[in-house]
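What follows is each chain in one-letter form.
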Amino acid sequence: MALIEFTLSAADAGIVGSPSWRWVAYGFGAFWQPLISGDVSPIFPGQTATMFVTHAFLHGGPMHLVLNSVILLALGKYISARIGPAKTMLVFLLSAVGGGVAFGFISTSSAPMVGASGAVFGLIGVWQTWDYLSRRRLRLSIQPVVSAMLGLIFANFVLFAFLDGGLAWQAHLGGWVVGCISATTFVRN
């Protein structure tokens, strides 16, 4: 993800290639809801399938990459220590797909959706589900988990408003649901 974003940022700045590289990358790899609805045709055969994963490797700029990467590295390290890197990567990929599914079926935006946020929220879903299940097993209050979920919902509302609708909350929701399901199935702890 970092190599892709650094290359596209360098192209944006005119250091390498062309400033058009970002939009070429988005054209081929971003998630485009109009492809799901059939309003536009794919650029290449299979694009409607590959975009469910490739969107997670593209970002809207260095800050977008940093925000996603910090959470991915922190939660990824924690989760990987408990279930291993292969299952962590599987959760990442499935959550990216889940984010794409939710975005594709809920959003009406014709703008490209990029970023690893769905996958990030998948890891958050795993973590929160583990916390919830652990608290239930130990007969502890689940209030901290509920507060964290409400905090995420609030943060999404605020960011959606601040970014003038430029937040793919649908991808966050889809990734989070996949993470929760993952935590109660193949990555149970």
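Preceding this section is the structure that the text describes.
Keep in mind it's a predicted model, so treat the numbers as computed, not measured.

Parameters and conventions
- Per chain, residues are indexed from 1 in the order of the written sequence.
- This being a predicted model, a pLDDT of at least 70 is required before a residue's local features are given, and a value of 80 or more before pairs of side-chain atoms are given or counted; all residues contribute to the totals for chains, interfaces and linings.
- With hydrogens and water set aside, each side-chain value is computed from the structure's full complement of heavy atoms.
- Residues with no salt bridge and a relative accessible area higher than 30% make up the patches, which join like charges within 9 Å and nonpolar side chains (Val, Leu, Ile, Met, Phe, Trp, Tyr) within 5 Å.
- Calculation of accessible area relied on Shrake-Rupley with a 1.4 Å probe; when residues are assessed, cover is drawn exclusively from the protein chains displayed.
- Just to be clear on terms, a salt bridge is a Lys or Arg side-chain nitrogen sitting within 4 Å of an Asp or Glu carboxyl oxygen.
- For the purposes of this entry, the term helix denotes a DSSP run of H or I that reaches at least four residues, the term strand denotes a run of E that reaches at least two, and both are numbered from the N terminus.
- In this scheme, a residue with accessible area under 20% of its type's maximum is buried, one over 50% is exposed, and one in between is partly exposed, where area comes from a 1.4 Å probe on protein chains only.
- In what follows, residue pairs with any heavy atoms lying within 4.5 Å of each other are defined as contacts.
- Two N or O atoms form a polar contact when they lie within 3.5 Å of each other; inside protein one atom must be a possible hydrogen donor and the other a possible acceptor, and for residues adjacent in sequence the pair counts only when both atoms belong to side chains.
- Each Phe, Tyr or Trp ring, with Trp reduced to its six-membered ring, pairs with another whose centre is within 6.5 Å; inter-plane angles below 30 degrees give stacked pairs, above 60 give edge-to-face pairs, and intermediate values give tilted ones.

(A) Quick peek at a nonpolar patch on the surface. Together, Val101, Phe105, Ile106, Phe160, Trp169, Leu173, Val177 and Ile181 make up an exposed nonpolar region whose accessible area comes to about 700 Å². Sorting the residues of the nonpolar patch by element identifies helix H6 (85-106) and helix H9 (169-183) as the ones contributing at least two each. The element best represented in the nonpolar patch is H9, accounting for four residues.

(B) Region of interest: the environment of threonine 108. In this structure, threonine 108 sits in the loop between H6 and helix H7 (117-137). Along the chain, threonine 108 and proline 34 lie 74 residues apart, while their C-alpha atoms are 8.2 Å from each other.

(C) Structural context of helix H2 (residues 21-29). Regarding H2, the residues found buried are Arg22, Tyr26, Gly27 and Gly29. Buried residues in H2 make contact with helix H1 (2-12) and helix H4 (47-54).

(D) Structural context of the pattern of salt bridges. Under the counting rule described, the total for this entry stands at three salt bridges. In this structure, the salt-bridge partner of aspartate 12 is arginine 22, at a minimum N-O distance of 2.8 Å. In this pair, aspartate 12 is assigned in helix H1 and arginine 22 in helix H2, connecting sequence segments ten residues apart. Taking the relative accessible area as the measure of exposure, arginine 22 reaches 7% and is therefore buried. Overlapping salt bridges bring together Glu5, Asp12 and Arg22 as one network.

(E) Spotlight on the side chain of glutamine 47. With respect to the helices and strands, glutamine 47 occurs in helix H4. Separated by 2.7 Å, the side chain of glutamine 47 and the backbone oxygen of glycine 27 make a polar contact. Those residues in contact with glutamine 47 that sit more than four places away from it in its chain are Gly27, Phe28, Trp32, Leu35 and Pro42.

(F) Region of the structure containing the packing of aromatic side chains. Within this structure, the stated rule accounts for six aromatic pairs. A centroid spacing of 5.8 Å and a plane angle of 90 degrees characterise the contact between phenylalanine 31 and phenylalanine 103, whose relative ring orientation is edge-to-face. Taken together, the positions of phenylalanine 31 in the loop between H2 and helix H3 (33-37) and phenylalanine 103 in helix H6 put the pair 72 residues apart, joining distant regions of the chain. According to the relative accessible area criterion, phenylalanine 31 is buried, its value standing at 0%. Residue phenylalanine 103 is classed as buried on the basis of its relative accessible area of 5%. Each member of the aromatic cluster is reached from another via a ring pair, and the members are Phe31, Phe52 and Phe103.

These values are about where atoms sit, not about what they do.
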